[in-house]
Amino acid sequence: MNTSGAVAVSSNGPSDFVLSDGEYKRICELVREHTGIALFESKREMIYGRLVRRLRALRLSGFAPYIAQLEKSDTAELEEFINAVTTNLTSFFRESHHFDHLAKEVLPAISRRAQGSGRLRIWSCACSTGEEPYSAAMVLREQKELLVGIDARILATDLDTQVLATASAGIYAQERLESVSQARVARYFQTLSEGVKGKVKVSPSLQELITFKQLNLMNDWPMRGPFDVIFCRNVIIYFDKPTQKILFERMAELQRPGDFLYLGHSESLHRVTDRYELIGRTIYRRVED
Ligand SMILES: C[S@@+](CC[C@H](N)C(=O)[O-])C[C@H]1O[C@@H](n2cnc3c(N)ncnc32)[C@H](O)[C@@H]1O
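Residues numbered from 1 in each chain as written. Predicted model: local features only at pLDDT ≥ 70, side-chain atom pairs only at ≥ 80, totals over all residues. Heavy atoms only, no water.

Undergrad: I keep staring at the site of the ligand and nothing clicks. Help me out?
TA: Close to the ligand lie 22 residues, the nearest being Thr35, Thr90, Arg94, Asp158 and Asn234. Between the ligand and the protein, one listed contact pairs a nitrogen atom with a side-chain N or O atom of Asn216 at 3.0 Å. Here the ligand has 600 Å² of accessible area as a free molecule, and 99% of this is covered by the chains. If you map the ligand onto the pockets, it falls in the largest pocket. For the shell around the ligand, the residue count by class is 9 nonpolar, 8 polar and 5 charged. (Near = heavy atom within 4 Å. Polar contact = N/O pair within 3.5 Å; in protein donor to acceptor, adjacent residues only side chain to side chain. Areas by Shrake-Rupley, 256 points an atom, 1.4 Å probe, with all protein chains shown as cover. 1 Å grid on protein atoms, 1.4 Å probe; cavity = no way out; pocket = protein on both sides within 12 Å on 5 of 7 lines; lining within 4 Å. Sits in = over half its atoms within 2 Å of the grid points. Nonpolar A, V, L, I, M, F, W, Y, C, P; charged D, E, K, R; others polar.)

Undergrad: How should the environment of Leu177 be read in this particular structure?
TA: Tracing the sequence through the fold places Leu177 in the loop between strand 3 (171-173) and helix 8 (182-188). Accessibility expressed as a relative area gives 6% for Leu177, which makes it buried. Along the chain, Leu177 and Ile237 lie 60 residues apart, while their C-alpha atoms are 26 Å from each other. With sequence-adjacent residues up to four places away left out, Leu177 is seen in contact with Phe92, Val185, Phe189 and Val200. (Helix = DSSP H or I, 4+ residues; strand = E, 2+ residues; numbered from the N terminus. Buried < 20%, exposed > 50% of the residue type's maximum accessible area, 1.4 Å probe, protein only. Contact = heavy atoms within 4.5 Å.)

Undergrad: Looking at this model, I keep getting lost on the layout of surface pockets. Mind explaining?
TA: The rolling of a water-molecule-sized probe over the atoms marks out the regions of remaining empty space. In this model, the largest pocket occupies a volume close to 420 Å³. Taken together, 26 residues make up the lining of the largest pocket; nearest its centre are Thr87, Ala126, Asn234, Val235 and Tyr238. Here the lining of the largest pocket is built from residues that sort into 12 nonpolar, 10 polar and 4 charged. (Points joined across faces, edges and corners; volume = space filled by probe spheres on them.)

Dropping the structure here:
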């Protein structure tokens, strides 16, 4: 779990272990194979910093034995490796225009269509520590009059097991709530008792809307959909174009024409797929087949 993209260098200096060109290339291949993430030379120092911690934890003499261990498909270490290489930066109501669109456009339309019974399904496909699905859950709770008789659920998935554990616990440092209004803090967060100072827990009313599951976007997806809305934000930047294309073709199969897809601020479907049309700032709508 890495909550910033910052370069991490060991406290004893980067020369403790030597990462050769060949070893870095092999690590990039393993990252690609297990996560879909395409690494470049520019990420070398960051990856070095993150993996040196694993070398120390395992008391290894260098990168070569570490690579050998990963190549033996050591499942436990592969999980640590994946958790170490992912970047998990997120926040509540990040890119808030998506939550406004959900509240003002999507939910009223679903309410009109459902006419008192129906379902709403949202997928947060790279949910990190959970702020994204919990923000969506707050919107659903606030628009509950639109959702009367509608079975509303959020599926929140990520590859990284460490961030998912944080997400399902729903416990955050108080500072994480800076982007949440006072009214929402009062309504959806509970201060924890003595001993866990400075921490808050999300309310059961949000947690009960969300199912957290581990899912690698590169592997099979067990869900059938359809999803009215998919949050796929700030994850495809790590994938190359052919991988993005495959991913969105698969997502299009889980959505009906008219359903929505939200991307991150620096992401776009331009020259990736024509299954979606851009209808607003990083807001896409699934087109007819
Ligand atoms: C920068 S965070 C984005 C969090 C959130 N969507 C947001 O926009 O604030 C990227 C997340 O993508 C996840 N990720 C990376 N590769 C993945 C993959 N192949 N399958 C599923 N999740 C992946 C990482 O673990 C990380 O939590």
